[in-house]
Amino acid sequence: MKKILFLVIAVLLSSSVLFAQETKSVVTREKNVFTNPSDNEFMGKIGTGYASDPGKFGLDLSLNYIYNLDPVFVFGFEADFFWIKWENKLEDVNAGGSAGGSLTAKTNLYTFPLFANAQVRLPFLRDKLFFEPSLTVGLGYSFMILDYDSDTENGTNLYHGFAWQVFASGAYKLFHNSAVDFVIDLGYRDLSPERSDIVIDMSGVIARIGVRMFI
């Protein structure tokens, strides 16, 4: 009986040790592209972009899914939303001796750029620079909705065209075992959607900040 009891206790203790080791390995596993290049990533970023023809800055949102080939070379797909809005005063109105008002026109440009990106990362510089630098080049296509509304007329037109971008990034990890990096982008994006031989140059600088999560 004592031998059987001793055997049961030994089995239970062994199982407990194995479970603790497995739990520890799961908790401390470093989800880092350098040590686990098979971990793919999702990125969400928010910022601003400049459009040449309107001559204005607008809201810029970006979603990315990244496939890790190895610690240095990665590729992925990006879907953006770029929104610029402004209001123009067309003319003053002063009829019948009243105080008068003005005719205005409101314009919204909703641009949806889609890119296939290739990125080169330098993870070995993280210990020296305290962040991971990278360079991204992307090729793609963009669709733009121009929505125009004034006191006299309104309309909606669809524009589209080839797009490309290049930007530098820096990724910073708050602590070593975190599965999340904070990312900042700074670069240039070329967007020239057209419709019936009318081209609107939406090209300009982009600046964004966001998070990169290993999944």
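Below or above, wherever it landed, is the structure these notes cover. (Residues numbered from 1 in each chain as written. Predicted model: local features only at pLDDT ≥ 70, side-chain atom pairs only at ≥ 80, totals over all residues. Heavy atoms only, no water.)

On to the overall build of the chain, then. In terms of helices and strands, the chain carries two helices and ten strands. Ordering the α and β elements of the chain from the N terminus gives α-β-β-β-β-α-β-β-β-β-β-β. The buried share of the chain, reckoned over its 215 residues, is 36%. Long-range pairs, those at least 24 residues apart, make up 59% of the contacts in the chain between residues at least 6 apart in sequence. Of the accessible surface of the chain, which amounts to about 12,700 Å², a share of 67% is contributed by carbon and sulfur atoms. (Helix = DSSP H or I, 4+ residues; strand = E, 2+ residues; numbered from the N terminus. Buried < 20%, exposed > 50% of the residue type's maximum accessible area, 1.4 Å probe, protein only. Contact = heavy atoms within 4.5 Å. Areas by Shrake-Rupley, 256 points an atom, 1.4 Å probe, with all protein chains shown as cover.)

Topologically, Leu174 is positioned in the loop between strand S6 (154-172) and strand S7 (180-191). Note on Leu174: relative accessible area 57%, which makes it exposed. Sequence-wise, Leu174 and Phe130 are 44 residues apart; in three dimensions their C-alpha atoms are separated by 9.9 Å.

Moving on to the nonpolar core. Note that soluble globular proteins tend to have their nonpolar side chains buried in a common cluster. The biggest cluster of nonpolar side chains holds 13 residues, and the ones touching the most others in it are Phe82, Ile84, Leu109, Met144, Leu191, Ile200 and Met202. Those elements that provide at least two residues to this core are strand S3 (73-93), strand S4 (101-121), strand S5 (132-150) and S6. With three residues, the top contributor of residues to this core is S3. Leave out the neighbours within four places in its chain, and Ile84 touches Ala51, Lys56, Phe57, Gly58, Thr107, Asn108, Leu109 and Met202. Core analysis: the second largest hydrophobic core is formed by five residues, Met43, Ile66, Ala171 and Val183 among them. (Core = buried A, V, L, I, M, F, W, Y, C linked by side-chain atoms within 4.5 Å.)

The subject of this paragraph is the packing of aromatic side chains. Taken as a whole and judged by the stated rule, the model has nine aromatic pairs. The interplanar angle of 70 degrees and the centroid separation of 5.0 Å between the aromatic rings of Tyr65 and Tyr67 together place this pair among those described as edge-to-face. Tyr67 sits in the partly exposed class, given a relative accessible area of 32%. Note on Trp164 and Tyr188: the rings are 5.7 Å apart at their centroids and 50 degrees apart in plane angle, and the pair reads as tilted. Here Tyr188 lies in strand S7 and Trp164 lies in strand S6, a separation of 24 residues in the sequence. Since its relative accessible area comes to 32%, Trp164 is described here as partly exposed. Through a chain of ring-to-ring contacts, the aromatic side chains of Tyr65, Tyr67, Phe75 and Phe77 assemble into a single cluster. Of note, Arg189 hangs over the ring of Phe82, and the distance from its end group to the ring centre comes to 4.8 Å. (Phe/Tyr/Trp six-rings, centres within 6.5 Å; stacked < 30°, edge-to-face > 60°. Lys NZ or Arg CZ within 6 Å of the ring centre and 35° of its normal.)

As far as function goes, none of this settles anything; it's purely spatial.
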